[in-house]
Amino acid sequence: MALPLAVIVSGSGSNLQSIIDKIEQGVLDVDIRLVLSNNPEAYGLERARTHGIDVWTKSHKEFPTREGFDEAMIEAIHRHGADTVALAGFMRLLTPVFLSTFQGRVLNIHPALLPSFPGTHGQRDAARYGVKISGCSVHFVDEIMDHGPVIIQAAVPAAPGESADDLAARILVQEHRIFPQALQWFAQGRLKVEGRHVHLAGYGDYDAQTVDGALINPPLEKGF
Ligand code: GRF
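Everything numeric in this text was worked out from a predicted model, so none of it was measured.

Thresholds, definitions, all that
- Residues numbered from 1 in each chain as written.
- Predicted model: local features only at pLDDT ≥ 70, side-chain atom pairs only at ≥ 80, totals over all residues.
- Heavy atoms only, no water.
- Near = heavy atom within 4 Å.
- Polar contact = N/O pair within 3.5 Å; in protein donor to acceptor, adjacent residues only side chain to side chain.
- Areas by Shrake-Rupley, 256 points an atom, 1.4 Å probe, with all protein chains shown as cover.
- Nonpolar A, V, L, I, M, F, W, Y, C, P; charged D, E, K, R; others polar.
- Domains from an automatic or database assignment.
- Salt bridge = Lys/Arg side-chain N within 4 Å of Asp/Glu carboxyl O.
- Helix = DSSP H or I, 4+ residues; strand = E, 2+ residues; numbered from the N terminus.
- Buried < 20%, exposed > 50% of the residue type's maximum accessible area, 1.4 Å probe, protein only.
- Expected span 1.5 Å × (residues − 1).
- Bend = angle between axes of the 7 residues up to and from the residue.
- Core = buried A, V, L, I, M, F, W, Y, C linked by side-chain atoms within 4.5 Å.
- Contact = heavy atoms within 4.5 Å.
- Pairing = 2+ DSSP bridges.
- Axes fitted to C-alpha atoms, helices over the stretch in contact; angles between N-to-C directions.

Let's talk about the site of the ligand
Part 1: Near the ligand you find Gly11, Ser12, Gly13, Ser14, Asn15, Gly89, Ile109, Pro111, Gln123 and Glu175, and these make up its full shell.
Part 2: Contacts to the ligand include Ser12, whose side-chain N or O atom sits 3.1 Å from an oxygen atom.
Part 3: Between the ligand and Asn15 there is a distance of 2.8 Å, counted from an oxygen atom to a backbone nitrogen or oxygen.
Part 4: If the ligand stood free it would expose 360 Å²; the protein chains cover 84% of that surface.
Part 5: Looking at the shell around the ligand residue by residue, the classes come out as 2 nonpolar, 7 polar and 1 charged.
Part 6: Two domains each put at least three residues into the shell around the ligand: domain 1 (1–103) and domain 2 (109–224).

If you want it as structure tokens, here you go:
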């Protein structure tokens, strides 16, 4: 059975789109049961509707507590039969109520090479710092922001003085590759977490791979 997934977005939803595309191409064995957003204006909701996916949206401002908002999301996710959650540009910290409900089943994409540049402006902070390499990371979510065990990373070269937008655009291309791939490994039950280390079944050694100038580890499989 395809992995029953909920996707939470706050904005454009291009990562959501990359997941939808890989499902439609037949390489990602996931069934998106629901797309949620704390921002009723999020374009990601429109993308979901276009593909016939149910949506749930409420502003977090309607809830007196963070837990109240998270409980409303939990109820909607359960009602739609999803047991795994992908954070695709969701700009809020989840509470322990949410994380204990979906223990070990929440994945996030972050637009920097963690543990560098956590937080909401990963690309801008990397560009300002003047790093030569930034990138993106998919990780399991724990209670600390952008902190849980890393599943896959893509390293992207940064040019001196380049704008945060230019760097972000090049990182985004790789986000669209590594997030669907990480979800497919999870759907296949191939990820095993030991402390901070995520082991991928089926690889003896991780042979990193270069794609369009980005270094990706573990390497992407056919179709991603
Ligand atoms: C992405 O860069 C993601 O890594 C970050 O927010 C951005 C969301 O982009 N967390 P989109 O909504 O998927 O287009």
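Some thoughts on the pattern of salt bridges
Part 1: Applying the stated rule across the entire model yields 9 salt bridges.
Part 2: Taking the shortest distance from any N to any O, the salt bridge between Arg177 and Asp212 comes out at 3.0 Å. Placement of the pair is Arg177 in helix α6 (residues 164–187) and Asp212 in the loop between β10 (209–211) and β11 (214–217), with a sequence separation of 35 residues.
Part 3: A salt bridge links Glu194 to Lys192; its shortest N-O distance comes to 3.1 Å.
Part 4: Take Glu194: its relative accessible area is 42%, and that puts it in the partly exposed class.

A short note on α6
Part 1: Taking 1.5 Å of rise per residue, the 24 residues of α6 would be expected to cover 34 Å, and the 33 Å separating its terminal C-alpha atoms lies within 8% of that figure.
Part 2: The largest bend in α6 amounts to roughly 25° and is located at Gln174.
Part 3: Of the residues trailing α6, Gly189 is marked for its positive phi of about 70°.

Observations concerning the nonpolar core
Part 1: Within the largest apolar cluster, 47 residues are counted, with the highest numbers of intra-cluster contacts made by Ile32 and Ile151.
Part 2: For this core, the element with the highest residue contribution is α6, accounting for 8 residues.
Part 3: Each of domain 1 (1–103) and domain 2 (109–224) accounts for three or more of the residues forming this core.
Part 4: Here Ile32 is in contact with Leu5, Val7, Leu16, Ile19, Ile20, Ile23 and Ile53, once residues within four sequence places are set aside.
Part 5: By size, the runner-up hydrophobic cluster in this structure holds 22 residues, among which are Phe63, Ala72, Leu87 and Phe98.

Considering the sheet that holds β11
Part 1: One open sheet holds the 9 strands; their spatial order is β3-β2-β1-β4-β5-β6-β7-β11-β10, and the pairing between them is mixed. Taken across any chain shown, the strands that pair with only one partner, and hence form the sheet edges, are β3 (55–57) and β10. Ignoring strand direction, the axes of neighbouring strands in this sheet form an average angle of 20°.
Part 2: Pairing between strand β2 (residues 30–37) and β3: 3 bridges, direction parallel. If you follow Ser37 over to β3, its bridge partner there is Thr57.
Part 3: Contacts from α6 reach β1 (3–9), β2, β4 (84–87), β5 (106–110), β6 (133–140), β7 (150–157), β10 and β11, with the element oriented near 160° to β7.

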